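Here is what each chain is made of, one letter per residue.
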Amino acid sequence: MTEPLLRRLQARGERLTIGALPWVAPVYRAMPQVAEVIEFPFAHGGLQLKARASLARQMQGRFDIAYVCPNSLKSALLPFLASTPKRVGYLGEARVGLLTHRLKNPPTGQRPPMVAFYSALSGDTDVAHDRPRLQLDAREVDQALATMGLQRGGFHVFAPGAEYGPAKRWPAAHFTELASKLDVPVVLLGSAKEFTLCEEIAAPVNAAQAGKCLNLAGKTSLAHAFCAIAGAKSTVSNDSGLMHVAAAFGVRQVAVFGSSSPLHTPPLNDRATVVWLKNDPAYQPALDCAPCFERQCPLGHTRCMVDVDAARVLSALR
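Draft legend 1. Looking closely at the sheet that holds strand 3 (residues 65–68). As summarised here, the arrangement of the three strands in space is 3-4-5, forming an open sheet in which the pairing is parallel. Either end of the sheet is taken by a strand with one partner, and the two such strands are strand 3 and strand 5 (101–103). Shown here is a sheet whose adjacent strand axes are inclined to one another by a mean of 10°, direction ignored. Two elements, strand 3 and strand 4 (residues 86–90), share four bridges in a ladder whose sense is parallel. Bridge pairing links tyrosine 67 to valine 88 in strand 4.

Draft legend 2. Quick peek at the sheet that holds strand 10 (residues 253–257). Judged by pairing direction, the sheet is parallel, and its six strands sit side by side in the order 8-7-6-9-10-11 without closing on themselves. Each having just a single partner strand, strand 8 (213–215) and strand 11 (272–276) make up the two edges of the open sheet. Between one strand axis and the next, the sheet turns by 20° as a mean value, whatever way the strands run. By the bridge criterion, three bridges tie strand 7 (residues 186–188) to strand 8 in an arrangement that is parallel. Within the sheet, the bridge partner assigned to leucine 188 lies in strand 8 and is asparagine 215. Sheet strands in contact with helix 10 (residues 241–249) are strand 6 (156–159), strand 9 (234–238) and strand 10, and its direction is about 150° off that of strand 10.

Draft legend 3. Representation of the side chain of threonine 265. Counting through the fold element by element, threonine 265 comes out in the loop between strand 10 and strand 11. Polar side-chain contacts of threonine 265 include one of 3.1 Å to the side chain of aspartate 239. For threonine 265, the contacting residues outside a window of four places in its chain are Met1, Met114, Asp239, Met243, His244 and Phe257.

Definitions and cut-offs
- Residues numbered from 1 in each chain as written.
- Predicted model: local features only at pLDDT ≥ 70, side-chain atom pairs only at ≥ 80, totals over all residues.
- Heavy atoms only, no water.
- Pairing = 2+ DSSP bridges.
- Helix = DSSP H or I, 4+ residues; strand = E, 2+ residues; numbered from the N terminus.
- Axes fitted to C-alpha atoms, helices over the stretch in contact; angles between N-to-C directions.
- Contact = heavy atoms within 4.5 Å.
- Polar contact = N/O pair within 3.5 Å; in protein donor to acceptor, adjacent residues only side chain to side chain.

Structure follows, in structure tokens:
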């Protein structure tokens with residue numbers, strides 16, 4: 001979702017170096033406008049001030065401007081410690097002294113879609129129609145698919161995980177039912193933590209149709225997962241990072257929303273279909289609780305996801 005921002009910056013002549021954690025660095029290597037990617041040696045959580053100060057010393061004098069995309073205090077520390085002259089970001093978490101150019105955070109409920117939210121860091125005002133794009137070399141995609149035993153367009157991709165929490169996940173049983181009804185094999189993608197979830201989906205299908213589902217959760221690099229998505233016939237996912245990857249590659253996709261909102265984080269792709277019961281006037285009783293943006297359903301029923309049946313998603317996919 002930061003890609004359109006980077007495209008704007010590069011178009012006006014800025015040479016872009018991205019600082020990112022290792023798990024997300026491959027995303028930026030699929031953006032041709034990025035000249036360099038620095039992988040941050042930070043663990044998840046905590047300020048890790050000593051490590052940030054050490055890296056900041058190496059970055060002294062290298063950069064003219066830092067665009068700080070996350071809203072956290074720790075994300076603004078590194079450019080401050082590196083004495084980068086211009087530091088741009090949104091106000092939040094006591095960052096007033098760390099940033100030189102500060103944008104006001106829109107009030108809760110009035111924040112624009114995240115792509116426009118990030119693009120506004122460029123200082124441009126006409127950012128409402130920005131759409132992320134990713135690019136991979138076609139030969140690289142085909143070579144990666146070959147190592148996974150796949151052929152371009154000969155499989156669907158399911159991304160059943162959602163790092164934020166279970167309230168954003170379409171039930172595994174629904175993914176299983178959908179996979180059993182599709183005409184070509186299904187590749188399941190996700191992190192190592194999602195292997196068991198993906199196996200719960202794949203095992204019943206493979207028991208009836210041997211080899212129909214290939215569980216690659218935790219077994220591929222992010223770069224190879226990108227290749228699988230770019231080469232897929234279509235993708236089905238929750239509101240997740242891989243949903244945005246599919247959108248950026250322009251792959252035909254269905255995105256199932258429940259506790260989150262496609263008004264805030266939509267898949268910006270002309271070939272995307274969003275399934276969200278909140279928007280279905282025929283669905284009763286109405287989902288007045290959605291979007292709640294909670295990790296767990298506060299009411300304990302997760303109707304917003306459970307009541308999206310496989311037939312509805314299959315129809316959207318076709």
